[in-house]
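So you can see what is in the structure, the chains are spelled out below.
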Amino acid sequence: MKFMKLGNRPDTFFTTEAIRSVSSEVSTDLHIQVHNSLYQLHKKLCSALKDTSEHTVILLPDLPGGPEAFEVCAKYCYGITITLSALNIVPVRCAAEYLQMSDDADRGNLVGKLELFFKSCILRRWKDTLVTLQSTRNYSPLCEELGITGRCIDAIATAIIASPTQAITSSHSRKAAPKNWWAGDISELGIAHYWRVMVAVKSAGIVPNKLIGEALRIYTRRWLPNMSRNGQQNELEADDSFTESPTDAAMKHRLLMEKIVSLLPTEKGSVSCSFLLKLLKAANILHASTSSKMELARRIGLQLEEASVDGLLIPLDSNSSGTLYDVDIVMAMLEEFLLQGQSPATSPPREKLRCERRRSRSSENVHPELDKNARKQLCRILDCKKLSVEACMHAAQNELLPLRVVVQVLFFEQSRAAMSGGQVTELPSNIKALLAKTTAGGEDRDALKLHHIGTATPIEDGWSISRLKCPATKLATLKTKLAEEEDNDMDDDLIPRDALMRSASSRFKALCSLPKKPKRIISKLLAMNRSASERN
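Residues numbered from 1 in each chain as written. Predicted model: local features only at pLDDT ≥ 70, side-chain atom pairs only at ≥ 80, totals over all residues. Heavy atoms only, no water.

Going by the annotation in an unreviewed UniProt entry, the name recorded for the chain is NPH3 domain-containing protein, with Ensete ventricosum given as the source organism. Quoted verbatim from the Pathway (unreviewed entry) field of UniProt, the annotation for the chain is "Protein modification; protein ubiquitination." (UniProt positions renumbered as here; feature names shortened; annotations may be inferred.)

This is the structure in structure tokens:
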């Protein structure tokens, strides 16, 4: 810690019967009362008090810093050695400002020397700046007016932005340290100062959001009391730092929690889902604002896949509703989670080997890390006969589902429609023949199910289909799906579009040269079926 010494005379202050005085050959003629301390000094220290009576007592009840700061200022006037550092510069600076010890009163006065020490030493050292900022809490209005608080906050934020992953030991040296070396240090600040520092750090846009999220977690763990893990008790543990009544302490905790929520980075994953859930539990218990709770619920919904069952048990602040846990807030999380798959695409179309293809909006959100094999393996678990109508509609439009699953879904949906009394006609004979050929080749088992459409032959799944016909809308949906799948395969096989068009020069050639993949087979069959229907 940096310090500065002023004056060179020895300390001659002494105490007699609760009166502080200075040893001098000249008798004292000035009496100043600072709080409960009485000082007997000399009028020569203050020209403005030369005409006052010798027995007059000057009262200074609201002097910043109290008797300690006043005595430092008085010793400076007598030339007695004083030591200044980050521990006492704030109260002494405020007291000197109160006593008007500026250059206007006397050249080279105390205010000017304190300002020079503050700017050249305090603000250039990390620890000194933090200590100074913490001491401004007791003199907040005057420190704001003098710019002490603002300059400390700017210095701290600048140091973090300049070196977010290296600790600063002095104004000229750095050392290797954990990436969040600064998070633990600033966690000692009060919430008002901490909030201003973090706002300055975030606004620069340089410090990674992960580091900001970790810093918020460290600060919250330091100041926000823990809660019962089982959710049965809705009370916060007492904090030794608060000596106020439980109501005042709860208000401070509520303010702290809401400030933390306002500082959360917008980037998904910058803070863990478990941390957000703990904040939400605290928000419920502390009766936080609805906007803060809904913001937390929204953030949790964006990464709900990380949540555990225990984490979703969010206790209510009371049992007036007859339930222990907040069900409505969990429903809000689920709604936000489901909305992710319905957001529009944000990426522009891309081009690959002169082939333009539309980028699926679901590929940005519906587990995009899964490859084709993983999706097929996952979809084997599905029982298409048990899907609701809404689920069938969703599956038919899901661009990431394997073609086999889409065909099964549409097949069983139309089976249910037929069983409820729908009228259908048989498929053309050429379509049945091609489907039989596909089945014999073992390309796609679902082609066998389509082959049974229009017949009364039972299939292995136990469904009896009679006179089943796919409505035009369903057929169009399937055709669109298959067209997109063909487009995807074209991208995977690196076949340019013009080459593919040249290979389909005639209807006969299309029938004789069947594609290798089932999805292309069915796509062509649908086109042929449509042509046959138009002729009829």
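Description of the overall build of the chain
A tally of regular secondary structure across the chain gives 22 helices and 11 strands. Per-residue burial for the chain yields a buried fraction of 41% across its 536 residues. Looking at the chain alone, contacts between residues at least 24 apart form 68% of all its contacts between residues at least 6 apart. With the model as given, the accessible surface of the chain reaches about 29,800 Å², and the carbon-plus-sulfur share is 53%. (Helix = DSSP H or I, 4+ residues; strand = E, 2+ residues; numbered from the N terminus. Buried < 20%, exposed > 50% of the residue type's maximum accessible area, 1.4 Å probe, protein only. Contact = heavy atoms within 4.5 Å. Areas by Shrake-Rupley, 256 points an atom, 1.4 Å probe, with all protein chains shown as cover.)

Some thoughts on the nonpolar core
Core analysis: the biggest nonpolar cluster contains 95 residues, and Trp182, Ile186, Tyr194 and Met257 have the highest contact counts within it. Not counting chain neighbours up to four residues away, the residues in contact with Ile186 comprise Trp126, Leu130, Ile156, Ile160, Tyr194, Met198 and Tyr219. If you look at the next biggest cluster of nonpolar residues, it comprises 12 residues, including Cys392, Val405, Val406 and Phe411. (Core = buried A, V, L, I, M, F, W, Y, C linked by side-chain atoms within 4.5 Å.)

Details of the pairing of strand 2 (residues 13-16)
As judged from the 4 bridges shared by strand 2 and strand 3 (residues 19-22), these two strands associate in the antiparallel manner. Its bridge partner lying in strand 3, Phe14 is registered against Ser21. Connecting strand 2 to the antiparallel partner strand 3 that follows it, the hairpin turn spans 2 residues, and Glu17 within it adopts a positive phi of roughly 50 degrees. (Pairing = 2+ DSSP bridges.)

Some details on the pattern of salt bridges
Evaluation of the coordinates by the stated rule reveals 15 salt bridges. With a shortest N-O distance of 3.4 Å, Lys75 and Glu71 are connected by a salt bridge. Separated by 4 residues within a single helix, Lys75 and Glu71 lie in helix 1 (residues 66-78), roughly one turn from each other. The exposure class assigned to Glu71 is buried, which follows from its relative accessible area of 12%. A salt bridge links Arg151 to Glu115, with the nearest nitrogen and oxygen atoms 3.1 Å apart. Pair noted here: Arg151 is in helix 6 (residues 148-162) and Glu115 is in helix 3 (residues 110-120), with a separation of 36 residues, a long-range link. Overall, Arg151 belongs to the partly exposed group, its relative accessible area being 24%. Glu115 gets classed as buried once you look at its relative accessible area, which sits at 17%. Each of Asp11, Arg20, Glu71 and Lys75 takes part in a single network of salt bridges with overlapping partners. (Salt bridge = Lys/Arg side-chain N within 4 Å of Asp/Glu carboxyl O.)

Re the confidence of the model for the chain
The predicted model of the chain averages 74 in pLDDT, with 65% of residues at 70 or higher. Low pLDDT, under 50, characterises residues 423-428; the stretch is placed with 16 contacts to residues that sit more than four places away or in other chains. Predicted confidence is poor over residues 430-435, with pLDDT under 50, and the contacts of this stretch with residues over four places away or in other chains come to 18 contacts. (pLDDT = per-residue confidence, 0-100.)

Observations concerning the sheet that holds strand 6 (residues 57-59)
A sheet is described by the order of its strands in space; here 5 strands give the open sequence 2-3-5-4-6, paired in mixed fashion. Bordering the open sheet on either side are strand 2 and strand 6, each of which pairs with just one other strand. Neighbour to neighbour, the strand axes of the sheet diverge by 25 degrees on average, direction disregarded. Strand direction decides the pairing type here: strand 4 (residues 30-34) and strand 6, joined by 3 bridges, are parallel. Note on strand 6: the bridge partner recorded for Ile32 is Ile58. Of the strands in this sheet, strand 2, strand 3, strand 4 and strand 5 (37-41) are in contact with helix 1, which crosses strand 5 at around 10 degrees. (Axes fitted to C-alpha atoms, helices over the stretch in contact; angles between N-to-C directions.)

Notes on helix 1
When the terminal C-alpha atoms of helix 1 are compared, their 19 Å separation across 13 residues agrees well with the 18 Å that a helix rising 1.5 Å per residue should span. A large share of helix 1 lies buried, amounting to 11 of its 13 residues. Where helix 1 is concerned, the buried positions are Gly66, Pro67, Ala69, Phe70, Glu71, Val72, Cys73, Ala74, Lys75, Tyr76 and Tyr78. (Expected span 1.5 Å × (residues − 1).)

Considering the pairing of strand 1 (residues 3-6)
Across the two faces of strand 1 the burial differs, with Met4 and Leu6 buried and Phe3 and Lys5 not buried at all. Bridge count between strand 1 and strand 7 (residues 82-85): 4 bridges; the pairing is antiparallel. Within the sheet, the bridge partner assigned to Lys5 lies in strand 7 and is Thr83.

What about empty space enclosed by the protein?
Enumeration over the complete set of coordinates arrives at 1 cavity of 30 Å³ or more. Its volume calculated, the largest cavity comes out at about 40 Å³. In this structure, the largest cavity is lined by Ile89, Val90, Arg93, Leu114, Glu115, Phe118, Thr132 and Ile148. Going through the elements one at a time, helix 2 (89-98) and helix 3 are the ones with two or more residues in the lining of the largest cavity. Classifying every residue of the lining of the largest cavity by side-chain character gives 5 nonpolar, 1 polar and 2 charged. (1 Å grid on protein atoms, 1.4 Å probe; cavity = no way out; pocket = protein on both sides within 12 Å on 5 of 7 lines; lining within 4 Å. Points joined across faces, edges and corners; volume = space filled by probe spheres on them. Nonpolar A, V, L, I, M, F, W, Y, C, P; charged D, E, K, R; others polar.)

Thoughts on a nonpolar patch on the surface
Taken together, the side chains of Val327, Met331 and Leu334 make up a nonpolar region of the molecular surface, amounting to roughly 250 Å² of accessible area. Position of Val327 relative to the elements: it lies in helix 13 (residues 327-339). (Patch = residues over 30% accessible without salt bridge, like charges linked within 9 Å, V, L, I, M, F, W, Y side chains within 5 Å.)

What about the environment of Cys73?
Its place among the elements puts Cys73 in helix 1. Looking at Cys73, the relative accessible area reads 1%, which means it is buried. Setting aside residues up to four positions removed in sequence, Cys73 forms contacts with Val92, Ala95, Ala96, Leu99, Met101 and Leu110.

Notes on the packing of aromatic side chains
For the structure shown, the criterion picks out 6 aromatic pairs. Taken together, a centroid distance of 6.1 Å and an interplanar angle of 80 degrees make the contact between Phe13 and Tyr78 edge-to-face. Of this pair, Phe13 sits in strand 2 while Tyr78 is found in helix 1, placing the two residues 65 residues apart along the sequence. Like Tyr78, Phe13 is buried. (Phe/Tyr/Trp six-rings, centres within 6.5 Å; stacked < 30°, edge-to-face > 60°.)

Brief notes about the side chain of Ser21
Tracing the chain through its elements places Ser21 in strand 3. A distance of 3.3 Å separates a polar atom in the side chain of Ser21 from the backbone oxygen of Gln40. (Polar contact = N/O pair within 3.5 Å; in protein donor to acceptor, adjacent residues only side chain to side chain.)

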